[in-house]
Amino acid sequence: MISPDNSTGSRTADLATIILYGCAVFMLGLGSYGFWEPWEPKYALAIQEMLDRGEYFIPYLNGEIRWTKPILYYWAALPLAAVAGVNEWTMRLPSALAALAGMIVLYLCISRIRSRRTGFLAAMILGTTPQYFCMARQAMPDMLMSFFLLSTMCFFAAGRFGEGDPRRWFQASYASLGLAFLTKGPVTLVLALGAIGICFLFQPGGEVAQPLRTFARDWKIHAKRFHVLPGLIIAGAIAVPWYLFLMATEWRGFWAIFVGYENFARFVLPIRDHHGTVTYYFSTIFHGMYPWSALLPGVLIFLMKKTGRTAPEMRQRWYFAAWFLSAFLLYSAAGTKLQHYFLPAAAPFAVLIASFWEDFSARKRPTELATVLISVPFLYIISRDLLDEGHGRAIANFIDRSDLNVEGIPFSLLMVFGTWTAACATAFLSKRASLLSRRVALICVMTAVFNAAVFSLHVIPRHTTTGGRNVTVYTSKIEKRLQKGAALVVFGGVRYSAYYYIGRDKVAHYEGDELDTMVASLHEKSRVYIIAQDEWMPALHEKLALDRRHKWKTLSSAMEGYSLIRGLRRKAEIRKDSSVAAPGGGNA
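Residues numbered from 1 in each chain as written. Predicted model: local features only at pLDDT ≥ 70, side-chain atom pairs only at ≥ 80, totals over all residues. Heavy atoms only, no water.

## Observations regarding a positive patch on the surface
Selection criterion: Patch criteria: residues need more than 30% relative accessible area and no salt bridge. Like-charged residues are merged within 9 Å; nonpolar side chains of Val, Leu, Ile, Met, Phe, Trp and Tyr are merged within 5 Å. Note that accessible areas follow from Shrake-Rupley with a 1.4 Å probe, and for residues the cover is restricted to the protein chains shown. One speaks of a salt bridge when a side-chain nitrogen belonging to Lys or Arg is within 4 Å of a carboxyl oxygen belonging to Asp or Glu. We count Lys and Arg on the positive side and Asp and Glu on the negative side, and we leave His and both chain ends out. Charged groups are reduced to one reference atom each: NZ for lysine, CZ for arginine, CG for aspartic acid, CD for glutamic acid. Accessibility here uses a 1.4 Å probe with only protein chains present; expressed as a share of the type maximum, an area under 20% marks a residue as buried, one over 50% as exposed, and anything in between as partly exposed.
A grouping of R548, K551, K553 and R570 is seen on the molecular surface, where their side chains present a positively charged patch. Given the relative accessible area of 57%, K551 is considered exposed.

## A closer look at the pattern of salt bridges
Basically, it comes down to this: The helix count covers DSSP runs of H or I at least four residues long, the strand count covers runs of E at least two residues long, and both are numbered beginning at the N terminus.
For the coordinates displayed, the defined rule picks out six salt bridges. A salt bridge links R116 to D14, with the shortest nitrogen-to-oxygen separation between them at 2.4 Å. Taken together, the residues R116 in helix α5 (residues 116–128) and D14 in helix α1 (residues 8–27) connect sequence positions 102 residues apart. Each member of the pair, R116 together with D14, is buried. As a salt-bridge pair, E40 and R92 come within 2.8 Å of each other at their nearest N and O atoms. Of this pair, E40 sits in helix α2 (residues 40–53) while R92 is found in helix α4 (residues 88–113), placing the two residues 52 residues apart along the sequence. With respect to burial, E40 and R92 carry one shared label: buried.

## Some words on the environment of V445
We apply this condition: In what follows, residue pairs with any heavy atoms lying within 4.5 Å of each other are defined as contacts.
Position of V445 among the secondary structure elements: in helix α21 (residues 433–466). Classification of V445 as buried rests on a relative accessible area of 7%. Sequence separation of V445 and W420 is 25 residues, and the distance between their C-alpha atoms is 9.6 Å. Residue contacts for V445: discarding those within four places in its chain leaves L121, M124 and W292.

Now the structure itself:
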């Protein structure tokens with residue numbers, strides 16, 4: 001293992017680099033593009049409603065309690081919104097700060113138990129995986145939860161594997177677990193306990209039953225060693241009061257909706273058509289953690305190798321593998337699947353990749369050389385997928401969308417692949433293993449930083465306008481007409497960005513099975529705009545063809561999955577009803 005360099009100057013330089021990267025990639029231009037459907041506008045509207053109601057302990061949306069997630073994300077965003085208003089910047093800043101804090105915590109903890117270089121590399125790998133830096137720019141609780149879970153596991157590792165008194169590390173771990181539980185509910189507890197359980201039950205070097213018998217026999221010793229009882233008190237003191245308050249406020253909804261539907265049913269059944277097979281998260285691993293996922297063959301060999309490894313080193317290695325497996329097994333077993341659910345697996349993935357590279361730099365044996373070279377064809381396969389399938393995978397792996405076409409992606413992917421290939425070939429051919437391998441690692445990190453900058457600062461903001469992440473793609477075209485009294489209808493699915501940008505009182509919403517009701521409500525309107533979901537367009541066209549009061553025209557289909565339709569009252573109908581004013585001209 002590489003000897004650590006823990007000098008103050010080196011640590012300061014590392015932290016400065018991490019902070020500079022996080023500020024640039026996570027925060028630059030954070031409020032320069034609109035909210036992305038379907039989740040971001042819901043949180044913005046809920047926080048606005050909480051401010052309007054003066055309610056700071058229970059989230060509300062549309063006048064009803066929003067049961068989907070606990071309170072901590074709202075508490076993180078409310079102070080910012082109270083000072084600077086509810087907007088894209090204030091809603092996304094908690095996620096960006098949590099992402100930066102996650103990199104810092106990972107660096108500090110891995111530096112403590114392994115080496116400073118491994119800690120820095122792990123932090124940069126984490127920050128440059130697409131799933132991580134894209135979720136850092138989303139107004140959602142997932143990044144906040146991921147940060148607290150990362151802190152839980154890293155502080156626990158620092159207490160277990162580090163030197164000195166572990167008490168404060170375990171206390172910090174349990175406090176983080178309480179905060180994670182307050183951010184996204186029981187799933188965080190299952191992830192943490194699952195990781196630690198796998199780590200104990202499948203310890204390397206023995207049978208499964210032996211650690212289980214040992215743990216069952218010595219559980220009191222383990223409970224004392226890991227400060228379980230005071231830790232549970234700390235976690236409970238942080239998380240339980242709010243849950244008790246919520247239950248006291250609406251106990252039936254708490255058990256039926258929050259516990260029964262949003263947690264139990266979401267795990268057992270695919271909710272809102274978010275389903276997938278056991279292979280679902282393999283796509284996230286390969287495409288959402290690009291380009292570092294190219295080193296997965298090396299990580300697998302690294303995990304299985306025992307030659308020259310001490311028992312503590314093997315236990316450390318297995319701890320992070322168990323953390324990754326816990327997330328993979330839990331979310332693969334769940335009935336409801338979304339790509340961003342897998343975000344908690346990014347941190348152990350980064351540690352395993354960094355540890356493999358550390359091992360390669362220190363030893364450079366034939367097996368390590370081969371696995372580094374194998375990463376090139378792996379990276380080629382991933383790059384080909386990202387290029388050939390509408391570029392959709394590059395974004396779809398964290399916000400569940402596809403069909404992305406934005407300039408800059410092909411160049412970025414080719415740049416990453418070419419630089420990576422050259423760096424790996426250099427590492428393979430060089431005889432100066434240790435020094436050159438670290439320089440190659442630096443080149444790979446810089447390449448990944450370039451890729452992250454392209455996506456965060458160019459692709460994501462542009463996709464708001466080219467891919468139709470919110471209705472401003474259409475409402476910006478008809479804003480003046482709406483101000484003059486034109487009617488706006490969203491048909492086939494709720495678009496909460498319409499409520500946020502236009503105003504709830506100015507938008508009518510109808511589900512797909514309410515077609516007749518919607519058309520009947522438009523009879524007396526002189527100018528109507530419909531934002532219609534594409535799957536309902538055939539039925540809508542058929543119904544509008546029978547409408548003799550309006551002349552209908554499709555104005556645009558630029559928004560992914562939705563079309564904009566305009567209806568103008570016919571002149572003959574206007575003459576029949578003198579109370580209806582004649583519509584204005586123009587294309588809008």
